[in-house]
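Tertiary structure, described
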Amino acid sequence: MDPNTLTVAQLKDILIQYKQYGRKAELIARMQKVDPTEGWILEATLQTEANDDMEEAVQEDGAQPQEDEQIGQETASSLARWQTTLQARERELMQKEIELLRRENQLLRSSPTTSTTSTMSRATTSIKSIGELLSEYTGSSEDFERWKAQVKMVRSTYELDENATKILTSSKLRGKAQEWYYSLTENLTLPTDTILDKMDAMFKQPIGQLERRRQFEARQWRKDETFSSYCHDKIILGNCVPIAEDELVDYVVEGIPSETLKNQAKSSPSPRCRHY
């Protein structure tokens, strides 16, 4: 191996324990004198390569933190941009919500208070007192038409809404009518007019004129009731026939089972009976 290929620095590293001054030729001559086998040339070459590898490793180690730092900076920049975009979207959504609330307030202020709303409020608070004007219905075919007319009259007079009317009518059902109403779940959600139509088909059985007259004539004063109650029922049945007013008193008297009382009534009709 040619010692002239070595640099001065390499020669000085080999001669570290000897004299290191002088020119390159002097340094080579000195090493050849110390080690004629020239093994020191190979040692210097290997030492140089090891130093070069170490420098490259140091450079690579120094470059890695720089790359990591650059990646970290890019990540932080991306995160900052994402946060900025998110904040902008949140502000946009908030502005839209504020605008919607503002429009709703404007609509509420501009819309007049309808009479239906105020009537509904009044009907809700006083539905119990209004219910006293509507009689109970037990499922009798004779009473249905009258009860149906009462429902419509109360609803129209007090301007009840659908919910109030349903509560009122359902609370006045008794007996067979109440059993029928709660036997079908759909009845709870149907409109009042539909319920009345279904009740009409269910309970309103047409009675002929002859049958009405028979019921009227068969009604007599029972021992377990007052005379006024008897007169009331007799007159109601007579109105359904109908019976002329001048004949009605005679029929009422004929319905008295006691012959003595009947004769007294014929000779001197009771003012109460005349009143009815």
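In this numbering scheme, every chain counts its residues from 1 along its sequence in written order. Totals for whole chains, interfaces and linings use all residues, but because this is a predicted model, local features are given only for residues with pLDDT of at least 70 and pairs of side-chain atoms are given and counted only at 80 or more. With hydrogens and water stripped out, all remaining heavy atoms of the structure feed into the side-chain values.

Let's talk about the packing of aromatic side chains
Put simply, the rule reads: The rule is short: rings of Phe, Tyr and Trp, with Trp giving its six-membered ring, pair when the centres are within 6.5 Å, and they are stacked under 30 degrees, edge-to-face over 60, tilted in between. Working definition: helices are DSSP H or I runs of at least four residues, strands are E runs of at least two. Numbering for both runs from the N terminus. A simple rule labels every residue: compare its accessible area, found with a 1.4 Å probe on the protein chains alone, to the largest value its type can have, and call it buried under 20%, exposed over 50%, or partly exposed in between.
Scanning all chains against the criterion turns up nine aromatic pairs. When the ring of Phe 227 is compared with that of Tyr 230, the centres are 5.9 Å apart and the planes differ by 50 degrees; the resulting orientation is tilted. Here Phe 227 and its partner Tyr 230 are both found in helix H10 (residues 227-240), three residues apart, which amounts to about one turn of the helix. Classification of Phe 227 by relative accessible area gives buried; the value is 17%.

What to know about unusual backbone geometry
Even without a glycine there, the phi angle at Glu 159 is positive, about 50 degrees. Secondary-structure assignment places Glu 159 in the loop between helix H5 (144-157) and helix H6 (162-171). Residue classification places Glu 159 among the partly exposed positions, given a relative accessible area of 49%.

A word on the packing of H10 against helix H11 (residues 245-254)
Worth spelling out the cut-off: Angular values range over 0 to 180 degrees, each being the angle between N-to-C directions of two axes fitted as lines to C-alpha atoms, with helices fitted over their stretch in contact. With respect to orientation, any angle under 35 degrees is reported as roughly parallel, any angle over 145 as roughly antiparallel, any angle of 65 to 115 as roughly perpendicular, and every other angle as oblique. Helix crossings are classified by the rotation of the near helix relative to the far one: an anticlockwise turn of less than a right angle makes the crossing left-handed, while a clockwise turn makes it right-handed. The criterion used for residue contact is that any of the two residues' heavy atoms lie within 4.5 Å.
Between H10 and H11, the least distance of the axes is 10 Å, while the angle of their chain directions is 130 degrees. On the basis of their axis angle, the class for H10 and H11 is oblique. Our pair here, H10 against H11, has a crossing hand that is right-handed. Where H10 abuts H11, its residues Phe 227, Tyr 230, Cys 231, Lys 234, Ile 235 and Gly 238 lie against Leu 248, Tyr 251 and Val 252.

Focus on the side chain of Thr 192
Mapped onto the fold, Thr 192 is located in helix H8 (residues 192-203). We classify Thr 192 as buried; its relative accessible area is 3%.

Brief notes about the confidence of the model for the protein
Rule in force here: One number per residue, pLDDT, summarises how confident the predictor is, and it ranges from 0 to 100.
In the predicted model, the protein carries a mean pLDDT of 76, and 67% of its residues have values of at least 70. The least confident element of the protein, judged by mean pLDDT, is helix H13 (residues 271-275) at 47; the most confident is helix H7 (residues 175-183) at 92. pLDDT under 50 marks residues 270-276. Its contacts with residues more than four places away, or in other chains, come to eleven contacts.

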